[in-house]
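Tertiary structure, described
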Amino acid sequence: MPRTSPSAALDTLLAGNRRFVDGTQEHPNQDAARRAELAPGQEPFAVILGCSDSRLAAEIIFDQGLGDLFVVRTAGHVLGAEVLGSVEYATSVLGCRLVVVLGHDSCGAVAAARAAVDDGAPAPGFVRDVVERVTPSILAARAAGLTEGSDIIDAHIRHTADLLTERSRILAEQVATGEVAVVGLGYDLAEGHARLVTAHGVDKVA
């Protein structure tokens, strides 16, 4: 579904997620013909910046196939220069119309950052870098009086979505012109449902 609108791209993702939840998946674009069709190039309709959690496989939970999604995954969907570059490549070169920050409940990176804030104990090795990148979301949530785990997860999703356009001039311009939208979705591990948490560039979900 290349060159669709941002809102249509979001509708397609959420429709696929409903099929996943209902057990009526279509498993599109997963055969040999699709593989051959994509060999010369790709035109994914959305880029997913998701947590690396093994339970958060985007193509499965949104019922998509080969060539549909450009997926970038880091623990806690944290942002670095390489992540921003990957997202900019997806929108500017590959033509993705939608950027999705995909977070979830029981996120280990968020839990580690909360523990670091509460206990002051540093994380080991390069895990510390992940924790430090999540910590601003924890502090902002605390400052807003948020204490429930789900509210803190949502705050981190919103913070990541905001950072994308704050740090990337390219994405900010694409959102401003309506070419691209940036949304944050929260995924429920037990139910399999993805819900809209925040949106930049789309007014509603049809």
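Read on for an overview of the structure. (Residues numbered from 1 in each chain as written. Predicted model: local features only at pLDDT ≥ 70, side-chain atom pairs only at ≥ 80, totals over all residues. Heavy atoms only, no water.)

What follows is about the sheet that holds strand E5 (residues 194-200). An order of E2-E1-E3-E4-E5 is seen for the five strands of this open sheet, with the pairing classed as mixed. The two strands at the open ends of the sheet, each matched to only one other strand, are strand E2 (69-74) and E5. Strand after strand, the sheet turns through a mean of 20 degrees between neighbouring axes, direction not considered. Here helix H4 (residues 81-92) sits on the sheet in contact with strand E1 (46-51), E2 and strand E3 (98-104), set at roughly 175 degrees to E2. This element, helix H7 (residues 149-167), spans E1, E3, strand E4 (181-187) and E5 of the sheet and lies at about 35 degrees to E5. (Pairing = 2+ DSSP bridges. Helix = DSSP H or I, 4+ residues; strand = E, 2+ residues; numbered from the N terminus. Axes fitted to C-alpha atoms, helices over the stretch in contact; angles between N-to-C directions. Contact = heavy atoms within 4.5 Å.)

A word on the packing of aromatic side chains. For the structure shown, the criterion picks out one aromatic pair. Between Phe70 and Tyr89, the ring centres sit 6.1 Å apart and the planes meet at 50 degrees, which makes this aromatic pair tilted. Here the residue Phe70 occupies a position in strand E2, and Tyr89 occupies one in helix H4, the gap between them amounting to 19 residues. Judged by relative accessible area, Tyr89 falls into the partly exposed class, the value being 38%. (Phe/Tyr/Trp six-rings, centres within 6.5 Å; stacked < 30°, edge-to-face > 60°. Buried < 20%, exposed > 50% of the residue type's maximum accessible area, 1.4 Å probe, protein only.)

Mapped onto the elements, Thr91 comes out in helix H4. What makes Thr91 buried here is its relative accessible area of 2%. A polar side-chain atom of Thr91 sits 2.9 Å from a polar atom in the side chain of Gln174. Discounting residues that sit within four places of it in the chain, Thr91 has contacts with Val47, Cys96, Val99, Leu171, Gln174 and Val180. (Polar contact = N/O pair within 3.5 Å; in protein donor to acceptor, adjacent residues only side chain to side chain.)

Further remarks concern the pattern of salt bridges. All chains considered together, the criterion is met by nine salt bridges. Among the salt bridges present, the one from Asp63 reaches Arg19, with a minimum N-O distance of 2.7 Å. Here the residue Asp63 occupies a position in the loop between helix H3 (58-61) and E2, and Arg19 occupies one in helix H1 (residues 6-22), the gap between them amounting to 44 residues. Residue class for Asp63 comes out buried when judged on its relative accessible area of 1%. A salt bridge links Glu37 to Arg34, with the nearest nitrogen and oxygen atoms 3.4 Å apart. With Glu37 and Arg34 both in helix H2 (residues 32-38) and three residues apart, the pair spans about one turn of that helix. Via salt bridges that share partners, Arg19, Glu26 and Asp63 belong to a single interconnected network. (Salt bridge = Lys/Arg side-chain N within 4 Å of Asp/Glu carboxyl O.)

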